[in-house]
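# A look at the structure
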Amino acid sequence: MVCVRVAVRVRPLNKREKDLSSKVIVHMEGKTTSIINVKDALTNSSEVKPKSFTYDFSYDSSNDEKPNFVSQDKVFTDLGHDVLEDAFEGYNACILAYGQTGSGKSYTMMGNAGDVGLIPRICEGLFSRITHLSQADHTSFHTAVSYLEIYKERVRDLLSEGRCLRVREHPVEGPYVEGLSTPQVHSYSDVEKLMEKGNGSRVTASTAMNDTSSRSHAIFTINFRQAQLDAEQPSETTSKVHLVDLVGSERADAARGGWMRLKEGASINKSLVVLGNVISALADMSMSGGSKMKKKGSFIPYRDSLLTWLLKDSLGGNSKTIMIATISPANVNYTETLSTLRYANRVKNIVNQPTVNEDGSVKIIRELREEIANLKALLEKGTRVSPVGPKQVVSVEEKLHRNEARVLQLTQEWTNKWRETQNILRSSLAAQERSQGRLRL
Ligand SMILES: Nc1ncnc2c1ncn2[C@@H]1O[C@H](COP(=O)(O)OP(=O)(O)O)[C@@H](O)[C@H]1O
Ligand SMILES: [Mg+2]
């Protein structure tokens with residue numbers, strides 16, 4: 001069991017805030033973020049106390065001249081490296097960016113040209129590690145990505161011109177998006193092209209806060225599989241990494257965009273309200289010491305919005321999850337910033353249950369091998385000190401042979417299956433290269 005980790009990041013004052021001669025009211029020291037209410041300060045200075053919150057990380061990105069300034073690279077080194085580590089160990093991982101419009105969610109997740117954020121850095125790191133590992137040992141890798149957005153409670157496939165798709169539920173695998181494009185990627189430049197395509201398909205609209213801010217949730221997912229046949233013992237793990245840029249957390253009335261926008265705001269905010277409800281329910285559950293655990297699933301309202309339904313594993317389930325709450329440093333955003341800090345404070349209490357996603361037959365092979373080792377030890381002991389009679393020796397031997405035959409068969413099946421996948425991969429890669437004119441035949 002691990003808690004969701006929470007980071008808070010404050011951006012520099014923007015032009016609008018500077019034009020309004022805004023005061024900086026957010027301060028960070030170590031893991032602590034403090035906020036003061038300038039209005040209080042003006043009316044009664046003696047009673048002003050900052051409100052302070054402690055998180056796993058408090059990132060001061062407000063001024064690059066400060067000694068404690070946190071760059072895009074530092075955020076990646078702290079959080080992105082862990083996500084890569086998790087993926088290579090076979091865990092699911094998730095990073096959610098939460099905060100009001102214009103606070104730096106997209107900057108943190110995607111970033112700007114020349115100053116890229118977590119998603120490009122994680123993808124680049126993934127491929128540099130794959131290259132390194134494939135040279136060092138005989139591990140094979142399979143990586144595919146998808147990119148979708150949820151806009152007005154509809155899923156749009158960003159890698160397929162924003163086509164609307166339906167969410168369905170698989171009896172074992174859980175919720176999934178039917179027909180979602182999940183192209184396989186062989187290099188970071190493959191991912192770059194897809195990101196560019198996807199970003200171009202996002203719904204954008206103007207709000208009072210940020211001219212080209214996105215009004216949808218965007219989920220970029222990496223599906224990562226690795227397999228290795230090491231000393232006859234196969235290993236195969238899969239990992240899903242969700243990188244999520246949530247819609248602005250401000251209430252509908254804060255984004256002054258007219259009646260159409262208000263109507264839109266109602267459905268945009270529905271998923272955020274549900275996300276809040278899910279987080280509250282999960283936080284309550286873990287704070288009650290797990291006494292409500294038995295009823296788990298029955299009262300967490302995952303199904304009330306597409307966002308929470310698709311991210312079910314990431315919130316309270318099988319995933320190592322991080323939330324980055326982004327905030328403005330300015331007094332004009334005091335109310336929104338305080339509400340983000342409180343929200344982030346609650347998220348710290350969510351407990352997840354990540355497990356290594358090991359292939360089913362690989363797991364059986366590993367367990368059988370353990371049993372074989374035990375049986376062998378038993379036999380050896382039996383022939384040495386003879387605590388077991390000859391009849392028992394025969395039955396143990398039979399069991400041993402049965403297990404060995406089963407291991408052999410399963411390993412063969414797994415190896416065939418894996419070779420077949422590799423062949424398909426190789427031929428599709430060759431076809432792709434041929435079509436791009438790279439391969440001369
Ligand atoms: N930490 C930061 N350092 C520098 N600029 C930032 C930072 N965070 C955000 N910005 C800038 O502020 C603006 C709004 O950020 P953006 O990420 O688009 O907000 P959001 O996605 O939360 O609506 C963008 O122009 C972005 O480049
Ligand atoms: Mg954005």
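Residues numbered from 1 in each chain as written. Chains lettered and ligands numbered in written order. Predicted model: local features only at pLDDT ≥ 70, side-chain atom pairs only at ≥ 80, totals over all residues. Heavy atoms only, no water.

The protein chain goes by Kinesin motor domain-containing protein in an unreviewed UniProt entry, where it is assigned to Coilia grayii.

### Structural notes on the nonpolar core
Across soluble globular proteins, you tend to see nonpolar side chains buried next to one another. Stated precisely, the cut-off is as follows: Only buried residues count toward a nonpolar core. Its members are Ala, Val, Leu, Ile, Met, Phe, Trp, Tyr and Cys residues joined through side-chain atoms within 4.5 Å. Any residue under 20% of the maximum accessible area for its type is buried, any over 50% is exposed, and the rest in between are partly exposed; the area is computed with a 1.4 Å probe on protein chains only. Strands are runs of DSSP state E lasting at least 2 residues, helices are runs of H or I lasting at least 4, and numbering of each runs from the N terminus. Whether two residues are in contact is decided by their heavy atoms, any of which lying within 4.5 Å being enough.
In this structure, Val-8, Ile-150, Leu-275, Leu-282, Leu-315 and Val-347 are the most contacted members of the largest nonpolar core, which totals 50 residues. Of all the secondary structure elements, the ones that give two or more residues to this core are strand E2 (5–10), strand E3 (26–29), strand E7 (93–98), strand E10 (140–151), helix H7 (259–287), helix H8 (306–310), strand E17 (320–327) and helix H9 (334–347). The element that contributes the greatest number of residues to this core is H7, accounting for 8 residues. With near-sequence residues (within four places) excluded, Val-8 lies in contact with Met-28, Thr-33, Tyr-55, Phe-57, Ser-58, Tyr-59, Ala-325, Ile-327, Leu-341 and Ala-344. Among the nonpolar cores identified, the runner-up in size contains 40 residues, and Val-83, Met-109, Ile-122 and Leu-194 belong to it.

### Overview of the site of ligand 1
To be explicit about the condition: Any residue with a heavy atom lying within 4 Å of a molecule or strand is counted as near it. Polar contact is defined as a pair of N or O atoms within 3.5 Å, subject to the rule that within protein one atom must be able to donate a hydrogen and the other to accept it, and that residues adjacent in sequence are counted only when both atoms are side-chain atoms. For the accessible areas, the method is Shrake-Rupley and the probe is 1.4 Å, while residue cover comes only from the protein chains on display. Three residue categories are used. Nonpolar comprises Ala, Val, Leu, Ile, Met, Phe, Trp, Tyr, Cys and Pro, charged comprises Asp, Glu, Lys and Arg, and polar comprises the others, including Gly.
By nearness alone, 14 residues border ligand 1, and Gly-102, Gly-104, Lys-105, Ser-106 and Tyr-107 come closest of all. In the model, an oxygen atom of ligand 1 is placed 3.1 Å from a nitrogen or oxygen of the Gly-104 main chain. Interatomic distance of 2.7 Å between a backbone N/O atom of Tyr-107 and an oxygen atom of ligand 1. Relative to its free-state accessible area of 550 Å², ligand 1 is covered by the protein chains to the extent of 72%. Residue contributions to the shell around ligand 1 peak at 3 residues, all from helix H4 (residues 105–109). The residue makeup of the shell around ligand 1, split by class, is 2 nonpolar, 9 polar and 3 charged.

### Observations regarding the sheet that holds strand E5 (residues 51–54)
Here is the rule we go by: Should DSSP find at least two bridges between two strands, the strands are regarded as paired. Only the contacting stretch of a helix is used when fitting its axis, a line to C-alpha atoms as for every element, and angles between N-to-C directions run 0 to 180 degrees.
Here we have 3 strands laid out as an open sheet, ordered E3-E4-E5, and antiparallel in their pairing. Since the sheet does not close on itself, it has two edges, and those belong to E3 and E5, each with one partner. Strand-to-strand twist in this sheet, taken as the mean axis angle between neighbours without regard to direction, amounts to 20°. Two elements, E3 and strand E4 (residues 32–35), share 4 bridges in a ladder whose sense is antiparallel. Residue pairing across strands places Met-28 opposite Thr-33, the latter belonging to E4.

### A short note on unusual backbone geometry
One non-glycine residue, Ser-21, adopts positive backbone phi at about 50°. Among the structural elements, Ser-21 can be located in the loop between helix H1 (15–19) and E3. The backbone phi angle of Glu-161 is positive, close to 55°, even though this residue is not glycine. For Glu-161, the location among the structural elements is in the loop between strand E11 (154–157) and strand E12 (163–165). Glu-161 gets classed as exposed once you look at its relative accessible area, which sits at 66%.

### Quick look at the packing of helix H3 (residues 72–89) against helix H5 (residues 118–136)
The condition is simple: Should an angle fall under 35 degrees it is taken as roughly parallel, and over 145 as roughly antiparallel, whereas 65 to 115 is taken as roughly perpendicular and any remaining angle as oblique. Note: crossing handedness is left-handed where the near helix turns anticlockwise from the far helix by less than a right angle, and right-handed where it turns clockwise.
At a minimum axis distance of 9 Å, the contact between H3 and H5 shows a crossing angle of 50°. Regarding the angle of H3 to H5, the classification is oblique. Judged by the twist between their axes, the crossing of H3 over H5 is right-handed. Contact residues: H3 offers Gln-72, Asp-73, Val-75, Phe-76, Gly-80, His-81, Val-83, Leu-84, Glu-85 and Phe-88, while H5 offers Leu-118, Arg-121, Ile-122, Gly-125, Leu-126, Arg-129, Ile-130 and Leu-133. Residue classes in the contact of H3 with H5 are distributed as 10 nonpolar, 4 polar and 4 charged.

### A closer look at the UniProt feature "binding site: ATP" (unreviewed entry) in the protein chain
For clarity, the cut-off: UniProt positions are given in the numbering used here, feature names are shortened, and annotations may be inferred rather than shown by experiment.
UniProt records the feature "binding site: ATP" (unreviewed entry) for Gly-99, Gln-100, Thr-101, Gly-102, Ser-103, Gly-104, Lys-105 and Ser-106 in the present numbering. Mapped onto the fold, Gln-100 is located in the loop between E7 and H4.

### So, the pattern of salt bridges
Condition: Salt bridge, as used here, is a side-chain nitrogen of Lys or Arg placed within 4 Å of a carboxyl oxygen of Asp or Glu.
Summed over the entire model, instances satisfying the criterion amount to 21 salt bridges. For Arg-303, the salt bridge goes to Glu-169, with nearest N and O atoms at 2.9 Å. Pair noted here: Arg-303 is in the loop between H7 and H8 and Glu-169 is in strand E13 (residues 167–170), with a separation of 134 residues, a long-range link. Among the ionic pairs, Lys-399 bridges to Glu-371, the shortest N-O distance being 3.3 Å.

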